[in-house]
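Listed below, chain by chain, are the residues.
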Amino acid sequence: MENLIKKFPEGFLWGGATAANQCEGAYNEGGKGLSTADILTSGSRTAPRRITPVLEEGTYYPSHEAIDFYHRYKEDIKLFAEMGFKVFRMSIAWTRIFPNGDDAEPNEEGLKFYDNVFAELKKYNIEPLVTISHYEAPYNLTKKYNGWANRKVIDFYVKYCETIFKRYRDVVKYWLTFNEINALTMPFGTFIAGAIMPEGNGELTNSKSNNEQIRYQALHHQLVASAKAVKLGHEINKNFKIGCMIAYMCTYPLTCKPEDVLLAQQKDNLSNFLCSDVQVRGAYPGFAKRYFKENNINIVMEEDDEKTLKEGCVDFYTFSYYMSNCISSDPNQEEIGGNLSMGLKNPYLKASDWGWQIDPKGLRWTLNNIYNRYQIPIMVVENGLGAVDTVEEDGSINDDYRIEYLREHIKEMKEAIADGVDLIGYTTWGCIDLVSASTGEMEKRYGFIYVDKDNEGKGTLKRIPKKSFYWYKKVIETNGEEL
Ligand code: BG6
């Protein structure tokens, strides 16, 4: 059937997304402190990344140079402008502003760096969308306080927010408090999102380190911190639009067996909606309270916390969407990989080389599911295909598979808009190749722009537009009419 709408709504925010620790590099320049991301080694599809409490000589740390955006942001932003970006999602590295997290004064050189980045974006009329905390925190906060497990970190974060809200009051309008805040509902989030040193062997994906009590308490601290930031941000500039950001785990029941259907709903509630119910509606939902009770999780709250959560509701909802999984009451089903957590194989879907099942229709389902619940504006702030690219002899990169993936997802966004969903923007993940968060690889590429660098850190860092670069430019030019 022909889509009801041809183009996206006027003013639709097309763009791309990155995160500081995956692209900036310059890990010890400009007064920057060591972050949790800086002590992560690289891994691979099969070998997990390691957390090294002290930097090891001779070990390769992908964040240290990353793609050197710190020195090349002008060249990169120029390329984004050439594609016609209306918005650029980026994060601020907390450690550039407060190198140790608990410093009395911010680091001027770090603040200056983002002044320059925002000025460069302004030159091309690209709206910044800033993630305040994207999978990194000052490592000092891990060492001294065990990261977000400690309530004190709320104050450090709020001070950091106040500093950047005031400094960039007139140049940034769109903010996200935490990237994929629901990562802390999963063991994988312990270190990467919670800055909590996990027990065990230091492997990032170590499932033994699964202390729910610590994770949910840390999550509570982040939810309170997020609410405080929203309230404060609105006081500093009433025109700020501050959003939540959820890693949406689209999960289908493997069969129509009622137990499977119920499990899928419970997964949707706990993994996806627990955090956004707090951030959008301002209170923990009943199913969360039940889960805490049944699992002996005791969330320690201060007197004002409930009031704080109520007063700090977000203006819009954003999420990442890469894939879908299935769930079953039968323990003997085949597992498959995924973003943040494993799930079951869906016989109707194909998967990427990293085992992430490709499901464009799941995006339409997800958009409807979210909008039906909240009725607030939505942005898809991460979506894309991690794939190996080959540079041909003539220097071209023909990433038709990536075009295909994005085209099918954009079509489903159109469908969702026709369904009535208030979708206001789309930023594809890793619009320029960058370091993979889960594996640390460079060769798991998402970009429209190729960066000449391999998994060992070798390469010239030269930027080359891929075939998808020209395709996306056309998509933006025609406001989604020509896919
Ligand atoms: C999201 C993160 O979970 O997925 C990004 O917000 C990450 O930081 C992206 O890079 C893709 O995952 P990966 O592991 O392929 O880099």
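For every chain, the first residue of the written sequence is number 1, and numbering continues from 1 along that sequence. Given that this is a predicted model, residues contribute local features only at a pLDDT of at least 70 and side-chain atom pairs are listed and counted only at 80 or more, while totals for whole chains, interfaces and linings are drawn from all residues. Heavy atoms throughout the structure, all of them, feed into the side-chain values; hydrogens and water do not.

Comments concerning the overall build of the chain
Next, step 1: Strands are runs of DSSP state E lasting at least 2 residues, helices are runs of H or I lasting at least 4, and numbering of each runs from the N terminus. Looking only at helices and strands, one finds 14 helices and 14 strands in the chain.
Next, step 2: The globule rule used here is 2.2 Å times the number of residues to the 0.38 power, and the radius of gyration it is set against is calculated over C-alpha atoms. For 483 residues, the compact-globule estimate of 2.2 N^0.38 gives 23 Å, and the C-alpha radius of gyration of the chain, at 21 Å, lies within 12% of that figure.
Next, step 3: For the chain, the C-alpha atoms occupy an extent of roughly 60 × 55 × 45 Å along the three principal directions.
Next, step 4: For each residue, the accessible area found with a 1.4 Å probe, counting protein chains only, is set against the maximum for its type, and the residue is called buried under 20%, exposed over 50%, and partly exposed in between. Burial analysis of the chain (483 residues in total) assigns 60% to the buried set.
Next, step 5: By definition in these notes, contact holds between two residues if any of their heavy atoms fall within 4.5 Å. For the chain, the share of sequence-separated contacts (at least 6 apart) that also reach a separation of at least 24 residues comes to 75%.
Next, step 6: Only the protein chains shown count as cover for residues, with accessible areas throughout obtained via the Shrake-Rupley method and a probe of 1.4 Å. Put simply, the chain shows about 19200 Å² of open surface, and 49% of that area lies on carbon and sulfur atoms.
Next, step 7: Distance from the positive charge centre (57 side chains) to the negative charge centre (68 side chains) of the chain: 3 Å. A positive count includes Lys and Arg, and a negative count includes Asp and Glu. His and the chain ends are not counted in either. In plain terms, the charge of a residue is placed at NZ if it is Lys, CZ if Arg, CG if Asp and CD if Glu.

Focus on the packing of aromatic side chains
Next, step 1: Here is the rule: rings of Phe, Tyr and Trp (six-membered ring for Trp) pair when centre to centre is within 6.5 Å. Planes less than 30 degrees apart are stacked, more than 60 are edge-to-face, and the remainder are tilted. Tallying each qualifying case throughout the model produces 40 aromatic pairs.
Next, step 2: Seen from their ring centres, Phe8 and Trp14 are 4.7 Å apart, and the 65 degrees between their planes marks the pair as edge-to-face. Both residues of the pair, Phe8 and Trp14, count as buried.
Next, step 3: Aromatic side chains Phe165 and Trp175 sit 4.9 Å apart centroid to centroid with 80 degrees between the ring planes, which places their arrangement in the edge-to-face category. Note that Phe165 is positioned in helix α6 (residues 152–167) and Trp175 in strand β4 (residues 174–176), a separation of 10 residues in sequence.
Next, step 4: Against the face of Phe273 rests Arg373, its NZ or CZ located 4.0 Å from the ring centre.
Next, step 5: For a Lys NZ or an Arg CZ to count as sitting over a ring, it must be within 6 Å of the ring centre and within 35 degrees of the ring normal. Residue placement shows Lys444 over the ring face of Trp356; its charged tip is 3.8 Å from the ring centre.

A look at the sheet that holds strand β3 (residues 127–131)
Next, step 1: Strands are labelled as partners when DSSP assigns at least two bridges between them. Spatially, the eight strands close up into a barrel ordered β1-β2-β3-β4-β5-β7-β11-β12, and their pairing is parallel. Within this sheet the neighbouring strands show an average axis-to-axis angle of 25 degrees, counted without direction.
Next, step 2: Sheet topology note: the strand β11 (residues 378–382)/strand β12 (residues 423–429) ladder contains three bridges and is parallel. Within β12, the residue paired with Val380 across the bridge is Tyr426.
Next, step 3: Helix axes use the C-alpha atoms of the stretch in contact, all axes being lines fitted to C-alpha atoms, and the angles between their N-to-C directions lie in the range 0 to 180 degrees. The sheet contacts of helix α4 (residues 108–123) involve β2 (87–91) and β3, and relative to β2 the element is tilted by about 170 degrees.
Next, step 4: Across the sheet, helix α12 (residues 360–374) lies against β7 (316–320), β11 and β12, angled at about 155 degrees from β7, the strand it touches most.

Overview of the packing of helix α8 (residues 212–236) against helix α9 (residues 258–281)
Next, step 1: For the pair α8 and α9, interaxial distance at closest approach is 10 Å and the crossing angle is 30 degrees. By the angle between their axes, α8 is roughly parallel relative to α9. Viewed along their axes, α8 and α9 form a crossing whose handedness is right-handed. In this structure, α8 uses Tyr216, Leu219, Leu223 and Ser226 to contact α9, whose residues at the interface are Leu274, Cys275, Val278 and Gln279.
Next, step 2: When its residues are assigned to classes, the contact of α8 with α9 shows six nonpolar, two polar and no charged. The labels follow the angle: roughly parallel below 35 degrees, roughly antiparallel above 145, roughly perpendicular from 65 to 115, and oblique for the rest. Handedness of a crossing is defined here by the sense of rotation of the near helix relative to the far one, left-handed for an anticlockwise turn of less than a right angle and right-handed for a clockwise turn. Each residue is assigned to one class: nonpolar for Ala, Val, Leu, Ile, Met, Phe, Trp, Tyr, Cys and Pro, charged for Asp, Glu, Lys and Arg, and polar for all the others, Gly among them.

A few points about unusual backbone geometry
Next, step 1: Its identity as a non-glycine residue notwithstanding, Asp68 has a phi of 60 degrees, on the positive side.
Next, step 2: Note that Asp68 resides in the loop between α1 (20–23) and α2 (69–83).
Next, step 3: Asp68 sits in the buried class, given a relative accessible area of 11%.
Next, step 4: With a phi angle near 50 degrees, Asn479 is a residue other than glycine that sits in the positive phi range.

Description of the pattern of salt bridges
Next, step 1: The salt bridge criterion pairs a side-chain nitrogen of Lys or Arg with a carboxyl oxygen of Asp or Glu, the two atoms within 4 Å. Scanning all chains against the criterion turns up 33 salt bridges.
Next, step 2: Residue Lys231 pairs with Glu311 through a salt bridge whose shortest N-O separation is 3.2 Å. Taken together, the residues span a long stretch of sequence, with Lys231 in helix α8 and Glu311 in helix α11 (residues 305–311) at a distance of 80 residues.
Next, step 3: On the basis of relative accessibility, which here comes to 36%, the residue Lys231 falls in the partly exposed class.
Next, step 4: A relative accessible area of 36% means that Glu311 is categorised as partly exposed.

Digging into the environment of Lys310
Next, step 1: Relative to the helices and strands, Lys310 resides in helix α11.
Next, step 2: Linking Lys310 and Ala137, residues 173 residues apart in sequence, is a C-alpha distance of 26 Å.
Next, step 3: Leaving out residues up to four positions away in the same chain, Lys310 has contacts with Arg281, Gly282 and Ala283.

Some details on the site of the ligand
Next, step 1: Summary of the distance rule: residues count as near a molecule or strand when at least one heavy atom falls within 4 Å of that molecule or strand. Close contacts around the ligand come from 15 residues, with Glu180, Ala437, Ser438, Lys444 and Tyr446 the closest.
Next, step 2: Residues adjacent in sequence count toward polar contacts only when both atoms are side-chain atoms; beyond that, a polar contact is any pair of N or O atoms within 3.5 Å, and within protein one must be able to donate a hydrogen and the other to accept it. One of the side-chain N or O atoms of Glu180 is found 2.7 Å from an oxygen atom in the ligand.
Next, step 3: Measuring from an oxygen atom of the ligand, one finds a side-chain N or O atom of Trp429 at 3.2 Å.
Next, step 4: Protein burial of the ligand: of its 370 Å² of free accessible surface, 98% is covered by the chains.
Next, step 5: Residue composition of the shell around the ligand, grouped by class: six nonpolar, six polar and three charged.

So, the pairing of β7
Next, step 1: Burial runs high along β7: five of the five residues are buried.
Next, step 2: Residues of β7 alternate between two faces, with Phe316, Thr318 and Ser320 on one and Tyr317 and Phe319 on the opposite face, all of them buried.
Next, step 3: Pairing between strand β5 (residues 241–247) and β7: five bridges, direction parallel. The partner of Met245 across the bridge, within β7, is Thr318.

Quick notes on the pairing of β3
Next, step 1: The buried fraction of β3 amounts to four of the five residues, a majority that puts the element mostly inside the structure.
Next, step 2: Summarising the sheet, β2 and β3 pair through five bridges and their orientation is parallel. From the neighbouring strand, Val87 faces β3, where its bridge partner is Glu127.
Next, step 3: Alignment of β3 against β4, held across three bridges, turns out to be parallel.

Observations concerning the environment of Asn296
Next, step 1: When you line up the elements, Asn296 lands in the loop between α10 (286–294) and α11.
Next, step 2: Along the sequence, Asn296 and Glu212 sit 84 residues apart, while their C-alpha atoms lie 9.2 Å from each other.

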